[in-house]
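Each chain, written out:
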Amino acid sequence: MTEKKRFEQPSVDTDTVAELSKKLLEANVKLKEAENQRRMMLENISHDLRAPLTAIRSSIDCLKQMHDAGKFIQDSEEAEALQMLRLLDSRTKNLEVLIQDLYYLTRLENGSEDLELTDISIVQFLEEYFFSAEIDDRYKDRNMVLEISDSDEAKVKADVNKLSRVLDNLFTNAQKYSDKGDDIVLGANVRNNMFVFYVKDTGRGIPQDAIGHIFDRTYRVSEARTPSGEVSSGLGLSIAKNIIEQLGGNIYCESCVGEGSCFFVELPIIGE
């Protein structure tokens, strides 16, 4: 009968363990330094690109003004030149939005964007935002719905400008991926000592296998999902997530293809 081998704990002396721990800590420090350097590089690149892009934008606007004044080009070549100008204008707008959002996101991640925190009556803040969105031409063919109780007097600590940026991104997202006549809903409730507000649409929805990735800065659900003519950097949800987490909150999404999406934002209630 073959004798079974017994497992024996390998002998590792204290000095070896200490040396391995030291190397692991050093590797972690180097990784953090590399990540910080990467973020600073992205911030510097996006910052430096804004100057030449401003010059390009000025030239395009000048050409458009010349065309509008009838000083642009001979009639026989005008149609082709105008088509090229419109294409250049469209591509430049996309690049402007991408660089602006990339610069803003890298500053958020680097901690370069300071939070100006103040205690706000969150219901009043949301209602004021909704009423301003309701008269915005971007949402004129959507059915705007408010589902918030005036009786809720909850307060949260937030940066008003950055929280407005979150709502801008969520409302723009809802408009972009819905169609004429669809609902865009802003609602709120209190749950587990957290104030929860949500932006919901009855648009196209997001596939279940994509929901876990939509807040990643490098992820796009599908190029086909973005309507033609829309200007987008694809960084809006990443920016929203970064801001909400800096405020001590959480953001997540529930969605069903063909039925729409709902983005929930949770923020701690002051005094709870």
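As shown above, the structure is provided for reference.
Computed from a prediction, not measured in an experiment: that's the story for all the values here. (Residues numbered from 1 in each chain as written. Predicted model: local features only at pLDDT ≥ 70, side-chain atom pairs only at ≥ 80, totals over all residues. Heavy atoms only, no water.)

Caption draft 1: Region of interest: the side chain of Asn169. With respect to the helices and strands, the residue Asn169 is situated in helix H4 (residues 160–176). In this structure the side chain of Asn169 is engaged in a polar contact, spanning 3.0 Å, whose partner is the backbone oxygen of Gly236. The contacts of Asn169, once residues within four sequence positions are left out, are Gly236, Ile239 and Ala240. (Helix = DSSP H or I, 4+ residues; strand = E, 2+ residues; numbered from the N terminus. Polar contact = N/O pair within 3.5 Å; in protein donor to acceptor, adjacent residues only side chain to side chain. Contact = heavy atoms within 4.5 Å.)

Caption draft 2: A look at the nonpolar core. Of all hydrophobic cores here, the largest spans 48 residues; its most connected members are Leu126, Leu163, Phe171, Phe195 and Phe197. If you tally residues by element for this core, the top one is helix H3 (residues 122–134), at seven residues. Residue contacts for Phe197: discarding those within four places in its chain leaves Leu126, Leu163, Leu167, Leu186, Gly187, Ala188, Phe263, Phe264, Val265 and Leu267. Residues Val185, Val196, Cys262 and Phe264 belong to the second largest nonpolar core, which totals five residues. (Core = buried A, V, L, I, M, F, W, Y, C linked by side-chain atoms within 4.5 Å. Buried < 20%, exposed > 50% of the residue type's maximum accessible area, 1.4 Å probe, protein only.)

Caption draft 3: Examining unusual backbone geometry more closely. In this model, Asn192 sits at a positive phi of 50 degrees, which is unusual for a non-glycine residue. Mapped onto the elements, Asn192 comes out in the loop between strand E4 (183–191) and strand E5 (194–201). Take Asn192: its relative accessible area is 71%, and that puts it in the exposed class. Of note, the phi angle at Asn193 is positive, near 65 degrees, even though the residue is not glycine. Note that Asn193 resides in the loop between E4 and E5. On the accessibility criterion, Asn193 (49% relative accessible area) is partly exposed.

Caption draft 4: Seen up close, the sheet that holds E5. Pairing is mixed across the open sheet formed by five strands, whose spatial order is E2-E4-E5-E7-E6. Two strands lie at the open edges of the sheet, namely strand E2 (143–147) and strand E6 (250–256), each paired on one side alone. On average, each strand axis in the sheet is inclined to that of its neighbour by 15 degrees, with strand direction left out of account. Inspection of the sheet shows E5 paired to strand E7 (residues 260–268) by seven bridges, in the antiparallel sense. Counterpart to Val199 in the pairing with E7 is Phe263. With respect to the sheet, H3 is in contact with E2, E4 and E5, its orientation differing from that of E2 by roughly 170 degrees. Most of the contacts of H4 go to E5, to which it runs at about 30 degrees, and overall it touches E2, E4, E5, E6 and E7. (Pairing = 2+ DSSP bridges. Axes fitted to C-alpha atoms, helices over the stretch in contact; angles between N-to-C directions.)

None of the figures reported here should be taken as evidence of function without further support.
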